[in-house]
Amino acid sequence: MGNDPMSVSMSSRHHDRAPGTCTLAVFSQKGGSGKSTLAIHLSVLAARGRKVLLVDADPQGTVSAWAETRQRPDPLVVRADPSSITEIVSHATTERFELVIVDCPPHAAAGTTALLRVADHIVIPVQPSMPDIAATRRTVALTTAAGKPHSFVINRAPARALEVQQAIDALTPAGPVAPVTIGDRRAFSRALTDGLAVSERAKDEDKAVLEILRYYLWLDSHLLEIERCNRAAA
Ligand SMILES: Nc1ncnc2c1ncn2[C@@H]1O[C@H](COP(=O)(O)OP(=O)(O)O)[C@@H](O)[C@H]1O
Ligand SMILES: [Mg+2]
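Along each chain, the written sequence defines residue order, and numbers are assigned to residues from 1. To read the labels, note that chains go from A and ligands from 1, taken in the order they are written. Local features are withheld for residues below a pLDDT of 70 in this predicted model, meaning they are given only at 70 or higher, and side-chain atom pairs are given and counted only at 80 or more; totals for whole chains, interfaces and linings count all residues.

Examining the site of ligand 1
Consideration 1: In this analysis, residues qualify as near a molecule or strand once their C-beta atom, positioned from backbone atoms, comes within 6 Å of it. As a structural note, the neighbourhood of ligand 1 is formed by 16 residues, with Gly34, Lys35, Ser36, Thr37 and Ser189 the closest of them.
Consideration 2: A run of H or I in DSSP becomes a helix once it reaches four residues, and a run of E becomes a strand once it reaches two; helices and strands are each numbered from the N terminus. Looking at the shell around ligand 1, the elements with two or more residues in it are α2 (35-46) and α8 (186-193).
Consideration 3: For the shell around ligand 1, the element with the most residues is α2, which contributes three residues.

Pasting the structure below:
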């Protein structure tokens, strides 16, 4: 582990943190944008340096199905009805979980607002296509109504840089876009089928591992900023 760049970098960040639970919601109104895939991959990376709870708040149960095939204890996965999310996050705080990641349902179901309200930050995955970009309007309206900061991440990006840049340009007025783009790579879905994440499969494409790691590190520094603001405001 000592030679592992991932664990070194994350454990040093870990020591920078004030005690407390940071909650991240992965949300978009668009089904298939990559919410569950990203929630799982981020949780697995985060669990290397922190105590992480992954909450499956989508009745479709993608995250729970993944957890059932998984042979490893971390991250801890729970299934939750949106109506119980406040209680779950408060329990996670008591149990000293450092990060809670909530995989949200795609629709503005009753209770979605409750999911967004517990979040310190909302991640909105967007595929770089016109219908997906157009659909972010309502997603952003909901995050704004919940009074929570959000950022976009381009997921399933094709190799063509032009489409990706157009998507970034279209999204930027509505909020920060992560500078790391997640490519359309079969490695992401293949890993999930085995109850793993790409970072846990030695055979998988380095590109997929690097992308998700770089995105995680960007998000991590973003969250540190938010925590700093929260502490300053407290
Ligand atoms: N970066 C990616 N590359 C390739 N396939 C992806 C990627 N992200 C998601 N997928 C696939 O797209 C489909 C929808 O992803 P999922 O995470 O279930 O979306 P959501 O939770 O938003 O409905 C799944 O089959 C998943 O394996
Ligand atoms: Mg899902």
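Resuming the write-up.
Digging into the sheet that holds strand β5 (residues 121-126)
Consideration 1: Strands were regarded as paired on the criterion that DSSP finds at least two bridges between them. The strand order across the open sheet built from six strands is β3-β2-β4-β1-β5-β6, with neighbouring strands paired in parallel fashion. Both edges of this open sheet fall to β3 (76-79) and β6 (150-154), since each of them pairs with a single strand only. Strand-to-strand twist of the sheet, defined as the mean angle between neighbouring strand axes without regard to direction, takes the value 25°.
Consideration 2: As judged from the three bridges shared by strand β1 (residues 22-26) and β5, these two strands associate in the parallel manner. Paired with Ala25 across the strands is Ile122, a residue of β5.
Consideration 3: In the packing of α2 onto the sheet, the strands contacted are β1, β2 (52-56), β4 (99-103), β5 and β6, and the crossing angle to β4 comes to about 165°. To obtain each axis, a line is fitted to C-alpha atoms, and for helices this fit is confined to the stretch in contact; angles are then taken between N-to-C directions over 0 to 180 degrees. With C-beta atoms placed from the backbone, a contact is any residue pair whose C-beta atoms sit within 7 Å.

Digging into α2
Consideration 1: Helix length check: α2 (12 residues) gives 16 Å between terminal C-alpha atoms against 16 Å at 1.5 Å per residue, within 8%.
Consideration 2: The burial label depends on the number of other C-beta atoms within 10 Å of a residue's C-beta. Counts of 20 or more mean buried, 12 or fewer mean exposed, and intermediate counts mean partly exposed, with C-beta atoms placed from the backbone. Burial analysis of α2 places 12 of its 12 residues in the buried class, which makes it a mostly covered element.
Consideration 3: Within the span of α2, buried status applies to Lys35, Ser36, Thr37, Leu38, Ala39, Ile40, His41, Leu42, Ser43, Val44, Leu45 and Ala46. Here, expected helix span is obtained from the residue count minus one, scaled by 1.5 Å.

What about the packing of α2 against helix α3 (residues 62-69)?
Consideration 1: Across the interface, α2 lies against α3 with an axial gap of 9 Å and an inter-helix angle of 45°. Accordingly, the angle class assigned to the pair α2 and α3 is oblique. As for how α2 packs across α3, the hand of that crossing is right-handed. In this structure, α2 uses Ser36, Ala39 and Ile40 to contact α3, whose residues at the interface are Thr62, Val63 and Trp66.
Consideration 2: In this classification, Asp, Glu, Lys and Arg are treated as charged, Ala, Val, Leu, Ile, Met, Phe, Trp, Tyr, Cys and Pro as nonpolar, and every other residue, Gly included, as polar. Considered class by class, the residues forming the contact of α2 with α3 number four nonpolar, two polar and no charged. Any angle between 65 and 115 degrees counts as roughly perpendicular, while under 35 counts as roughly parallel, over 145 as roughly antiparallel, and the rest as oblique. Two helices crossing with the near one rotated counterclockwise from the far one by less than a right angle form a left-handed crossing, whereas a clockwise rotation gives a right-handed crossing.

A closer look at the nonpolar core
Consideration 1: Counting 62 residues, the largest nonpolar core has Ala25, Val26, Val100, Ile101 and Val102 as the members making the most contacts within it.
Consideration 2: No other element matches α2, which puts seven residues into this core.
Consideration 3: Beyond its immediate sequence surroundings of up to four residues, Val26 is in contact with Lys35, Leu38, Ala39, Ile101, Val102, Asp103, Cys104, Val123 and Pro125. Think of a nonpolar core as buried Ala, Val, Leu, Ile, Met, Phe, Trp, Tyr and Cys residues chained together by C-beta atoms that fall within 7 Å.

Some remarks on helix α4 (residues 85-94)
Because each turn of an α-helix spans 3.6 residues, side chains separated by three or four positions in sequence point in the same direction.
Consideration 1: Those residues of α4 that fall on the buried side of the exposure criterion are Ile85, Ile88, Val89 and Ala92. Taken end-on, α4 shows its buried residues confined to a sector of 95°, consistent with a single buried face. Across α4 from its buried face, at more than 90 degrees, point the exposed residues Glu87, Ser90 and Thr94.
Consideration 2: Arg96 sits one or two residues past α4 and shows a positive phi near 60°. As used here, the arc belongs to the directions running from the helix axis to the C-beta atoms.

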